[in-house]
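Topology and contacts: notes
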Amino acid sequence: MDSVRTIDWVDGAVEIIDQTALPDEVRVLRLSTVDGLVDAIRRLAVRGAPALGVAGALGVALAVREYPDPAPAIEAVRTARPTAVNLARGVDRAAARISAGPDAVLAEALRVRDEEIASSAAQGRAGADLVTMLCGGAPRLLTHCNTGALAAVVGGTALAVVAELHRRGALAGVVASETRPLLQGARLTAWELRQLGVPFRVAVDSVGPFLMARGDIDAVIVGADRICANGDVVNKVGTYAHALGARRAGIPFLVVAPESTVDTGTPDGAAVQIEDRGRDEVLRFRGTRTAPDGVDAVNPAFDVTPYDLVTAIVTDRRVIRLDQGDRV
Ligand code: MRU
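Residues numbered from 1 in each chain as written. Predicted model: local features only at pLDDT ≥ 70, side-chain atom pairs only at ≥ 80, totals over all residues. Heavy atoms only, no water.

Some words on the site of the ligand
Around the ligand there are 18 residues in total, and Arg47, Arg81, Asp225, Asn235 and Lys236 lie nearest to it. The contact in question runs from an oxygen atom of the ligand to an N or O atom on the backbone of Gly48, over 3.1 Å. Lys236 is positioned such that a nitrogen or oxygen atom in its side chain is 2.7 Å from an oxygen atom of the ligand. Alone, the ligand offers 420 Å² of accessible surface; in the complex the protein occludes 100% of this. In this structure, the ligand is accommodated by the largest cavity. Counting only elements with at least two residues in the shell around the ligand, the list comes to helix 2 (49-66) and strand 9 (233-236). Partitioned by chemical class, the residues of the shell around the ligand number seven nonpolar, seven polar and four charged. Residue-level mapping places the shell around the ligand at the junction of two domains, with at least three residues from each of domain 1 (7-116) and domain 2 (121-324). (Near = heavy atom within 4 Å. Polar contact = N/O pair within 3.5 Å; in protein donor to acceptor, adjacent residues only side chain to side chain. Areas by Shrake-Rupley, 256 points an atom, 1.4 Å probe, with all protein chains shown as cover. 1 Å grid on protein atoms, 1.4 Å probe; cavity = no way out; pocket = protein on both sides within 12 Å on 5 of 7 lines; lining within 4 Å. Sits in = over half its atoms within 2 Å of the grid points. Helix = DSSP H or I, 4+ residues; strand = E, 2+ residues; numbered from the N terminus. Nonpolar A, V, L, I, M, F, W, Y, C, P; charged D, E, K, R; others polar. Domains from an automatic or database assignment.)

In structure tokens:
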């Protein structure tokens, strides 16, 4: 995967790997309008916090080329999804260069891309060192959602750690929880782990805490969409249950994210807007209704793991040992 970029700027347009088509097909989407990019973000054709940051920045580059007054288009990109702080951050960084002209906007957007690439490698190394220190040379890890190259540009966050451990010969295997309702774990993480040659199995989300309780898992490792000032971690729904399971089993719960996901301007998880993706994703599976007609559903796309369940947060620059009193 490292050679293929999940998102990039190619000949005047944004190109992404269409994550709605995986694992069946590796399809590249070329997005030359802001409307197309916003639609791709909303459909999760491009997704994952670091990738959304790059999408946001490149969206501003598209907007200043497409519109004499780009402000409404930029706002549409900025608000396409509310929870991952990276999206608004990427937009704001590129938009801050508008007065210097379209080339300056694009240059800033490409810097956001390049920083995420470098950041992934740093997270991989630092996270692998920490896992080995905490769990020894052959840990069995559980991960949730997709935090690999598909969630970034290359490499990823928590899955960059998994890949680095595997490269070092310091990993026994991984359980990837499927990540209802859109199956980022079963579709995307499984696809990436197979490419990496990592031994893994897919499990339903709800079995995570039981696997931990019976001693099958040595640590949980996840990414984040926003890390709040108090250390609360906002990530894909289901993360909180894994954190509770890890605490009960007495194993480390580790969060890996770029500094671009750390949001000290948000005091805690209660202050974060959690995206609600509506009923259809829960009540239907690949277009087929699975619940009785006319029933309603609740579908928050993310949850909040309180800081006191988090052992450590690894970024590209720091290891924050919340369990030892470190502060974000
Ligand atoms: O709804 P998604 O697929 O965009 O949610 C993604 C996640 O929750 C990831 O765990 C998070 O963005 C970290 S990705 C490196």
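Describing the sheet that holds strand 5 (residues 173-177)
Across the sheet, which stays open at both edges, the seven strands sit in the order 6-5-4-7-10-15-16 with mixed pairing between neighbours. Edge positions in the sheet fall to strand 6 (200-203) and strand 16 (319-320), since each of these pairs with one other strand and no more. Sheet topology places strand 5 next to strand 6; four bridges connect them, and they run parallel. The partner of Ser177 across the bridge, within strand 6, is Ala203. Strands in contact with helix 5 (residues 102-135) are strand 4 (140-144), strand 7 (219-222), strand 10 (253-256), strand 15 (312-314) and strand 16; relative to strand 15, the strand with the most contacts, it is inclined by about 150°. Against the sheet, helix 7 (residues 184-196) engages strand 4, strand 5 and strand 6, with an angle of about 160° to strand 5. (Pairing = 2+ DSSP bridges. Contact = heavy atoms within 4.5 Å. Axes fitted to C-alpha atoms, helices over the stretch in contact; angles between N-to-C directions.)

Observations regarding the pairing of strand 9
One ladder, built from two bridges, connects strand 8 (residues 226-228) with strand 9; its direction is antiparallel. In the sheet register, Ile227 faces strand 9, and the bridge partner there is Val233. Counting the residues in the hairpin turn of strand 8 and strand 9 gives four residues, including Gly231, whose phi is positive at 95°. Pairing of strand 9 with strand 14 (residues 302-305), which is carried by four bridges, proceeds in the antiparallel orientation. Pairing of Asn235 across the sheet is with Asp303, part of strand 14.

Here's the deal with the layout of surface pockets
Here the largest pocket is characterised by a volume of approximately 430 Å³. Taken together, the elements giving at least two residues each to the lining of the largest pocket come down to helix 10 (280-283) and strand 12 (284-285). (Points joined across faces, edges and corners; volume = space filled by probe spheres on them.)

Quick notes on the domain arrangement of the protein chain
Looking at the protein chain, the domain boundaries give domain 1 (7-116) and domain 2 (121-324). Look at where the C-alpha atoms of domain 1 and domain 2 centre, and you get two points 24 Å apart. Listed by partner, the interface residues are 25 residues for domain 1 and 30 residues for domain 2. Taken together, the two surfaces of domain 1 and domain 2 that pack against each other cover about 2,300 Å², and 52% of this comes from carbon and sulfur. Considering only the side of domain 1, the residues that lose the most area to domain 2 are Arg47, Pro82 and Thr83, jointly responsible for 26% of the buried surface there. (Buried area = accessible area lost by both parts, 1.4 Å probe.)

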